[in-house]
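In case you want the letters, here they are:
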Amino acid sequence: MRCTYTYPTGHQIKKVFWTNKNSEEPPDLFEDPGYSQRLQYLGDTQTYCNIRLSHVTLKDSHMYYFRFITNKPGGKWIGNPGVTLTVTDLQVESPERVTEGDSVNLRCKSSCALTDRATFIWYRNSQPLTERRDRNNELLLQSVRREDSGRYSCAVDGHTHISPAVQLNVMYPPVNPVISISPSGVIVEGDSVTLNCISDSNPPAEINWFKGRTFVGSGRIYNISKISSDDSGEYKCKSINEHGEKYSDAVTLNVMYPPRNISVSISPSAVIVEGDSVTLNCTSDSNPPALNFSWFKENEPSAVGSGQSFSALQSGRFYCQAHNQHGSQRSDTVTVTVHRGHGWLVWLGITAFLGFFIVIIIIIILFIMRKRRGAKAEDLTEKQDNLYSTVTGRDVHVSESADCDDAQYASVTSSKPRRDGNAPECRDTEEIQYATVQHHRKTETKRAEENESHYDNIRIRQPDSVLRLSNVQTVEEASVIYSRVK
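Note that the coordinates shown come from a computational prediction; the quantities given were computed from them, not determined experimentally.

Draft legend 1. Seen up close, the pattern of salt bridges. With the rule as written, the count across this model stands at 12 salt bridges. The partner of Lys238 in a salt bridge is Glu245, with the nearest N and O atoms 3.6 Å apart. Salt bridges sharing common partners tie together Glu100, Arg146 and Asp200.

Set out below in structure tokens:
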């Protein structure tokens, strides 16, 4: 802006400056941070008061005044009216917020009258989007992506001026939240652990923390001070904003701790007989599991055994000590009692019981054998042949002098059954038959008390097994069989 001025004779110029306020004490633009780097005084202290304003924007549209001060009292003058500066600027029109996937149309506008041949250039973050010159003052972004976010500006080809940049804000849901653990490496009970959830989203997402399916906290950082074994498990963070939500992959906290809850179990019993042994078994809770176990007898300085199991042969109070790389812990003591001198009583009782059991078994076996033998004898008796005879009792005269009744027999014969001529002689069965055996006695007897005796036919058939002889002829044998029938 060009400018000239005059001042009264006899005055000397002490200060000259430009201002955009017409007041008693207007501000000096050369001292204004918004102008000091862009405003340059090209005049002098005699006649000229020219200035140059660079990087002009719409904000620079004002009425500007030149002011000078002389060395005389009241020597303050200001140019009135001032110089009006009208700035015609390029502007980018764009929506304030867009969502990923939408279509966006940016427009470059100017209050100046532009020719039809005007060509526009587009910039994103001060970098040209393309080298192609486009006569259309619109920029179309189809299916906008998060990568399209940035500050957009435009310019007219052939002019050095570039429009003020406008921010294009693309909204999108959370993408791939990731958890980082600090400190990394082995976590020991009592340490402090920090979990950090990193999530890419616009607007920034709200973060919630879960252990398994249980909500444990919120915020981008989840801190666990003096961590314990109860804090072991899988952790996830959930990132959520108005456009969606997303879970991170799970991370596992494996808290190491020394042995604890040491206990000793006894098998089969804490009381044993001299000569036997009892097994002591040591269990513990630790991470990693305890692999080293030592056994001690109370009031003895050194270990009496090692390993998770220990066989005790004598009375005493015993305890175990479990070790891992993070520490060690001992159990409570257990008491083992060994009874002396009574072992023979136990063996005697066992022997007596076994002897009694064997005797019972022998008795049962003998009883079964006897019963079987009796059954065979009955079968043999039933197999005897029919024994029969025809005995006819008749009255006979008996001598008075007889002291007792004598049985008289007559016509007693022995006969053999007829043999089949075709049958082999060696297989014949011999029968003894008794026929017409008569007993005669006097009608009147001296002994009234004796009853009349009758005899009946009797037939005896001997078993084949007795009578069969190979190639031997059967021998006749007369047998007298009688029965006294009263």
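Alright, that's what it looks like, and here's the rest.
Draft legend 2. Seen up close, the sheet that holds strand E15 (residues 187–188). Taken in spatial order, the four strands make up an open sheet running E15-E23-E25-E28, and their pairing is mixed. A strand with exactly one partner marks an edge of an open sheet, and here the two such strands are E15 and strand E28 (309–312). Sheet topology places E15 next to strand E23 (residues 255–267); two bridges connect them, and they run parallel. Each bridged residue has a counterpart across the sheet, and for Ile187 the counterpart in E23 is Val255.

Draft legend 3. Seen up close, the state of the cysteines. Tallied over the full model, the rule gives four disulfides. Disulfide pairing is shown between Cys3 and Cys49; the S-S distance is 1.7 Å. On the sign convention where negative means left-handed, the S-S torsion of about -80° between Cys3 and Cys49 marks this disulfide as left-handed. With a gap of 46 residues between them, Cys3 in the segment before strand E1 (13–19) and Cys49 in the loop between strand E2 (39–41) and strand E3 (51–53) connect regions that are remote in the sequence. With respect to burial, Cys3 and Cys49 carry one shared label: buried.

Draft legend 4. The arrangement of the nonpolar core in detail. Counting 17 residues, the largest nonpolar core has Val104, Trp122 and Leu168 as the members making the most contacts within it. For this core, the elements supplying multiple residues, two or more each, are strand E7 (90–93), strand E9 (104–110), strand E10 (120–124), strand E12 (138–141), strand E13 (150–156) and strand E14 (166–182). The residues contacting Val104, other than those within four sequence positions of it, are Pro95, Val98, Leu139, Leu140, Leu141, Val144 and Leu168. In terms of nonpolar packing, the next biggest core, distinct from the first, is built from 16 residues, Val16, Trp18, Phe66 and Val87 among them.

Draft legend 5. Highlighting the sheet that holds E12. Taken together, the three strands give an open sheet; going across it, the order is E7-E9-E12, and neighbouring strands pair in antiparallel fashion. Two strands close off the open sheet at either side, each with one partner strand: E7 and E12. On average, each strand axis in the sheet is tilted by 15° relative to the strand beside it, whichever way the strands run. Note that E7 and E9 share four bridges and pair antiparallel. Its bridge partner lying in E9, Glu93 is registered against Arg107.

Draft legend 6. Spotlight on a nonpolar patch on the surface. A contiguous nonpolar surface patch, about 680 Å² in accessible area, is contributed by Phe356, Val359, Ile360, Ile363, Ile364, Phe367 and Ile368. By relative accessible area, Ile368 is classed as partly exposed at 39%.

Draft legend 7. How the structure looks around the packing of aromatic side chains. Scanning the entire structure with this criterion turns up 13 aromatic pairs. Here a set of aromatic residues connected by ring pairs shows up, and it is made of Tyr7, Trp18, Phe66, Phe68 and Trp77. Note that Arg260 overlies the ring of Tyr257, its terminal NZ or CZ placed 4.0 Å from the centroid. Over the ring of Tyr319 we find Arg330, and its NZ or CZ is 3.7 Å from the ring centre.

Draft legend 8. Structural detail: the side chain of Thr333. Tracing the chain through its elements places Thr333 in the loop between strand E30 (327–330) and strand E31 (334–339). Each residue touching Thr333, except ones within four places of it in the same chain, is listed here: Glu298, Arg317, Phe318 and Tyr319.

Draft legend 9. Main features of unusual backbone geometry. In this chain, Asn80 is followed by Pro81 through a cis amide linkage whose omega measures 5°. Within the fold, Pro81 resides in the loop between strand E5 (76–78) and strand E6 (83–85). Geometrically, the link from Ser182 to Pro183 is a cis peptide bond, its omega value of -5° lying close to zero. Mapped onto the secondary structure, Pro183 falls in the loop between E14 and E15. Although it is not a glycine, Asn125 sits at a positive phi angle of roughly 55°. Along the chain, Asn125 turns up in the loop between E10 and strand E11 (127–128).

What counts as what
Residues numbered from 1 in each chain as written. Predicted model: local features only at pLDDT ≥ 70, side-chain atom pairs only at ≥ 80, totals over all residues. Heavy atoms only, no water. Salt bridge = Lys/Arg side-chain N within 4 Å of Asp/Glu carboxyl O. Pairing = 2+ DSSP bridges. Helix = DSSP H or I, 4+ residues; strand = E, 2+ residues; numbered from the N terminus. Disulfide = S-S within 2.5 Å. Buried < 20%, exposed > 50% of the residue type's maximum accessible area, 1.4 Å probe, protein only. Core = buried A, V, L, I, M, F, W, Y, C linked by side-chain atoms within 4.5 Å. Contact = heavy atoms within 4.5 Å. Axes fitted to C-alpha atoms, helices over the stretch in contact; angles between N-to-C directions. Patch = residues over 30% accessible without salt bridge, like charges linked within 9 Å, V, L, I, M, F, W, Y side chains within 5 Å. Areas by Shrake-Rupley, 256 points an atom, 1.4 Å probe, with all protein chains shown as cover. Phe/Tyr/Trp six-rings, centres within 6.5 Å; stacked < 30°, edge-to-face > 60°. Lys NZ or Arg CZ within 6 Å of the ring centre and 35° of its normal.

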